[in-house]
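# Coordinates in review
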Amino acid sequence: DPRGGSQSLVTKRAFRNKVLKVLVEMYRQLEIPDYQHVSQCWMLLEDSTAVAGLLGELVQSGDVDQEIMAYQIAFDLCESDMQHFLGEVRNALPKPLDEKPVDPESMTEAMMGAEAGEAGAEAGGDTEMKEAAAEPVSAAEKDLASKVAKLKEILTGETSIGINLEFLYRNNKTDMLLLNNIKASIEARNAVTHQATVFANAVMHCGTTVDTFVTENMDWLKRATNWAKFSATACVGMMHKGCINNSRNVMKEYLPKPGISSSPFSEGGALYALGLIHANHGEGILKYLSEALRNANNNETIQHGACLGLGLAGMASGNEELYEDLRVVLFSDNAVAGEAAGLAMGLVMLGTSSERALEEMLAYAHETQHEKIIRGLAIGMALIMYGKEESADTLIEQMCRDKDPILRYGGMYTIALAYSGTGNNSAIRRLLHSAVSDVSDDVRRAAVTCLGFVLTTIPEQCPRVVSLLAESYNPHVRYGSTMAVGIACAGTGLQEAIDLLEPMTKDATDFVRQGAMLALSMVMIQETEARSPKVKDIRALFEGVIKDKHEDVMAKFGAIIASSILDAGGRNVTISLTTKNGHKKMTAIVGMAVFCQYWYWFPLAHFLSGCFQPTCLIGLNKDLKMPAVDFVSHTKPSMFDYPPMTEVKTIAAATKVATAILSTTAKTKARKGGKKEEEGEKMEVVKEEAAKEGAEKADAMAEDSDVKTGDKKEEGEKKEGEGKDAKKEKEPSTTTLSNPARVLPMQKKYVTMQAGSRYEPVSKKLWGVVLLRDTKPGEVVELVEATVPATVQIAVKEEEEPPPPEPFEYTET
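The written sequence of each chain sets the order in which its residues are numbered from 1. Two thresholds apply to this predicted model, a pLDDT of at least 70 for residue-level local features and 80 or more for giving and counting side-chain atom pairs, whereas whole-chain, interface and lining totals are computed over all residues. Side-chain numbers here rest on the full set of heavy atoms in the structure, without hydrogens or water.

Put plainly, a pocket is an open set of points on a 1 Å grid over the protein atoms alone with protein on both sides within 12 Å along at least five of seven lines, a cavity is a set where a 1.4 Å probe fits but cannot get out, and a lining residue has an atom within 4 Å of a point. Grid points are joined across faces, edges and corners, and a volume is the space filled by probe spheres set on the points. Of the voids in this model, the second largest pocket is the one considered here, and its volume is about 680 Å³. Around the second largest pocket sit 25 residues that line it, and Leu178, Arg539, Glu543, Thr646 and Glu647 are the ones nearest its centre. It is helix 31 (residues 534-547) that provides the largest number of residues to the lining of the second largest pocket, a total of 7 residues. In this classification, the charged set is Asp, Glu, Lys and Arg, the nonpolar set is Ala, Val, Leu, Ile, Met, Phe, Trp, Tyr, Cys and Pro, and all remaining amino acids, among them Gly, are polar. For the lining of the second largest pocket, a count of residues per class yields 11 nonpolar, 4 polar and 10 charged. Numbering of helices and strands runs from the N terminus; a helix is a DSSP stretch of H or I covering at least four residues, while a strand is a stretch of E covering at least two.

Here you go:
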């Protein structure tokens, strides 16, 4: 793939853009133009007008195949999560008549035409002909308007969100027993493991809208206090991620209510949860969150939640009003609120490289005395330089030379985000230099961790690059190397990564063990025992650490979250920092970078939900509906099946033990029996003869039964053998998958359409959302029924009042 080669081989951005422009011309001059690759090149060049022109051309062509191709391109563009670019494409799409501004000259012409029509009304026929000629134009305009509306809906991301929500809810296979076992294994009074278990539940149910564990364990959850309460409330947002039409209804119990004061921790957590639900798609909730921030009455907890929510919902929007609101909170110089404000300013200005924002943030980072605010601003500045490569070098140099270790730490993340997925040698060299030379352990740890971001598109290189650092004497460097491998090799199941991480789960330092377990779960997410037998050992390792009462809390914390990552999103999501076309996925990279800050502030771990990508194959027709269609995976069902559910361990029933006879009791019995020997001699002779006869008969019967049981055993063995053979024969060589289907990243190369299927895919890659061409358009279409309750806007029902009592007379007694 020349496009992929230009991305991975050409390191200089300016030259890469020249290569992409040449590729666009090549793809367009093909006998059948490759519109999908052309649009991807334009996306990388950030040429929104060219993309909008191409989409407009395709939907206006009048050809159904071209129209379906336009929708497929829109879904592929949407996957990159570049909201600013997608917004520009939406605005540049052709506007139907009803949206076009009215031109004054055409208005006067229309009026003159109307007057002429009135004058010639007596003639009759002319006006009728004109009306008849105008009707087809309006029908065509209506048709174009509906097509453009569909494109806009896809480009907002709402269609993809609804489809993914449907898939995750329908296919949810969360192992509830595993969750309950974790809950039963942890100490009741330990707040750290309690918080980790609440988070583990949110990860396992991320995006599924299923909250049974919460409703069943309400009393247990109420133990969470203060910031643990904030975090637990935000977890509800993770579970309902994507319910953008119904978010406030989902969170209504926790949100701030005017005139009613409840816990600021649950209110702040609820505002953060709204941000997690609307992450990168927050147009509908920004106004509400802005008002909540203004009405927080300087309560740092509510401000903290509102800032994080605004940052997530307004991600990469470049919204100046939001930036101003957040700046006001930052300048109030409150440590807790200021940290979230600094981070949120970076999220709102994500990838804009705004000079004004950078100057203000850097100046305030030097002014303030609060470490928390400096850290929030450091990560915020790194986010502003997302994807800017060489343009970020000036800021990187400035931050890496700063005397404040927290700003140098931010410098490492600026390198990570500016050069993420490029494999740039100078960026790797700079990170390795800081990893071995900086005086601050935090900076060294960050430098090694950030190698994982730079190497996301070439994961096989990462274990080799960090292999020596993994043996460092410094535990912070060792921890960094585990996270780097986890980030770069996430979802790959790479053997070299497992070989490096597995020994580190036995490291002498507790937080290194924590990092190794988290990284292992990221690498092994969705791996099956049939493909990688190590999965069973790793699951057993996590279970052992959780149950071990003598294990350090830090390691236990890592094991609880790691075991939940293995089964994330109802076992239907993977962690991927790239799209199916191999490009960077903005929300995932940002989510992972902020997740790494859980080291200092646990509520930031919730950003991990941005990295989860549903592993699905969803076929849509030209009306963007799911037709009932089957796909075929040319593998055995066991190869990519769900892992087996945890079984309830049954305790074996107690068996009777033979009673012990002491030697003394035997002697006393023999003494008593000696007196009766003479009397019993005659009786014994008779008994012996009877016993001999009985024994002979028993032997004969035993021989007969032996022959019979031998025959039966042989028959039984034969049957068992036949049963085993039948079992082996039973497993088919192919698997039929119904739309919407669960298809793992490693499985996609084996998936095809069923032979003789009514539908044909527009795209060559059968993964993600695929538009299907109907070969029998005249026939009735059977659609897959929607089952998700959360995609529909639900009206809040008022409770019915009880009827008034019947009339009665009151009498005193």
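Moving on to the environment of Tyr288. Take Tyr288: it is sitting in helix 17 (residues 286-294). The sequence separation of Tyr288 and Leu274 amounts to 14 residues, and the corresponding C-alpha distance is 9.9 Å. In this view, Tyr288 contacts Arg248, Leu255, Pro256, Leu271 and Leu274; residues no more than four positions away in its chain are not counted. In what follows, a contact means two residues having at least one pair of non-hydrogen atoms within 4.5 Å.

Quick look at the nonpolar core now. Throughout, nonpolar core names a set of buried Ala, Val, Leu, Ile, Met, Phe, Trp, Tyr and Cys residues whose side chains join them through atoms within 4.5 Å. We call a residue buried when its accessible area falls under 20% of the maximum for its residue type, exposed when it is over 50%, and partly exposed in between, using a 1.4 Å probe and counting protein chains only. Ranked by size, the top nonpolar core spans 221 residues in total, and within it Leu55, Tyr413, Phe453, Ile575 and Met592 carry the most contacts. The biggest single contributor to this core is helix 30 (residues 510-524), with 10 residues. Once you skip the residues sitting within four places of it in the chain, Ile575 turns out to touch Ala490, Gly491, Met522, Ile525, Ile565, Met592, Cys611 and Phe612. In terms of nonpolar packing, the next biggest core, distinct from the first, is built from 13 residues, Phe631, Val743, Tyr759 and Leu772 among them.

Take the pattern of salt bridges next. Each salt bridge in this description consists of a side-chain nitrogen of Lys or Arg and a carboxyl oxygen of Asp or Glu lying within 4 Å of one another. Counted according to the given criterion, the structure contains 28 salt bridges. Ionic pairing is found between Asp623 and Lys622, a salt bridge with its closest N-O pair at 3.9 Å. Residue Asp623 is classed as partly exposed on the basis of its relative accessible area of 40%. Through salt bridges that share partners, Glu320, Glu324, Arg327, Arg356 and Glu360 make up one connected network.

Attention shifts here to the pairing of strand 4 (residues 630-633). By definition, two strands form a pair when at least two bridges between them are found by DSSP. Of the pairings in the sheet, the one linking strand 4 to strand 5 (residues 735-738) comprises 4 bridges and is antiparallel in character. Each bridged residue has a counterpart across the sheet, and for Asp630 the counterpart in strand 5 is Ser738. Where strand 4 lies against strand 7 (residues 751-753), 3 bridges are found, and the strand directions are antiparallel. Within strand 7, the position partnered with Phe631 by the bridge is Met753.

Glancing now at the sheet that holds strand 5. Ordered by their spatial adjacency, 3 strands build an open sheet running 5-4-7, and the pairing between neighbours is antiparallel. Unpaired on one side and paired on the other, strand 5 and strand 7 mark the two borders of the sheet. Sheet twist, expressed as the average angle between the axes of neighbouring strands with direction ignored, equals 35°. Axes here refer to lines fitted to C-alpha atoms; in helices the fit is confined to the stretch in contact. Angles between the N-to-C directions go from 0 to 180 degrees.

Further remarks concern the state of the cysteines. Cysteine sulfur atoms are paired as a disulfide whenever they come within 2.5 Å of each other. Throughout the structure, instances matching the rule amount to 0 disulfides. Between Cys462, a cysteine without a disulfide, and Cys489, which holds the nearest cysteine sulfur, the sulfur-to-sulfur distance is 5.3 Å. The exposure class of Cys462 is buried, given its relative accessible area of 0%.

So, about helix 5 (residues 64-78). One fewer than the residue count of a helix, multiplied by 1.5 Å, yields its expected span. Along its 15 residues, helix 5 runs 21 Å from first to last C-alpha, staying within 8% of the 21 Å computed at 1.5 Å per residue. The buried fraction of helix 5 amounts to 12 of the 15 residues, a majority that puts the element mostly inside the structure. Of the residues making up helix 5, those classed as buried are Glu67, Ile68, Met69, Ala70, Tyr71, Gln72, Ile73, Ala74, Phe75, Asp76, Leu77 and Cys78.

Right, let's talk about empty space enclosed by the protein for a bit. Taken as a whole, this structure holds 6 cavities of 30 Å³ or more when the rule is applied. Estimated volume of the largest cavity: approximately 730 Å³. Listing elements by their share of the lining of the largest cavity, those giving two or more residues are helix 5, helix 9 (158-170), helix 16 (264-277), strand 2 (612-614) and strand 9 (768-774). Among the elements that take part in the lining of the largest cavity, helix 9 stands out by supplying 5 residues, more than any other. Counted by class, the lining of the largest cavity contains 16 nonpolar, 12 polar and 6 charged residues. Of the pockets and cavities examined, the second largest cavity occupies roughly 80 Å³. Considering the residues around the second largest cavity, the lining is formed by Gly491, Ile525, Gln526, Glu527, Thr528, Arg531, Thr574, Phe640, Leu744, Pro745 and Met746. Classifying every residue of the lining of the second largest cavity by side-chain character gives 5 nonpolar, 4 polar and 2 charged.

What follows covers the environment of Leu347. Among the structural elements, Leu347 can be located in helix 20 (residues 335-348). Take Leu347: its relative accessible area is 0%, and that puts it in the buried class. Expressed as a C-alpha distance, the spacing of Leu347 and Ala382, which sit 35 residues apart in the sequence, is 9.6 Å. Among all residues touching Leu347, those that are not within four sequence positions of it are Gly311, Leu312, Gly314, Met315, Ala316, Leu383, Val590 and Phe607.

So, to be careful, I would describe these as geometric facts and stop short of saying anything about function.
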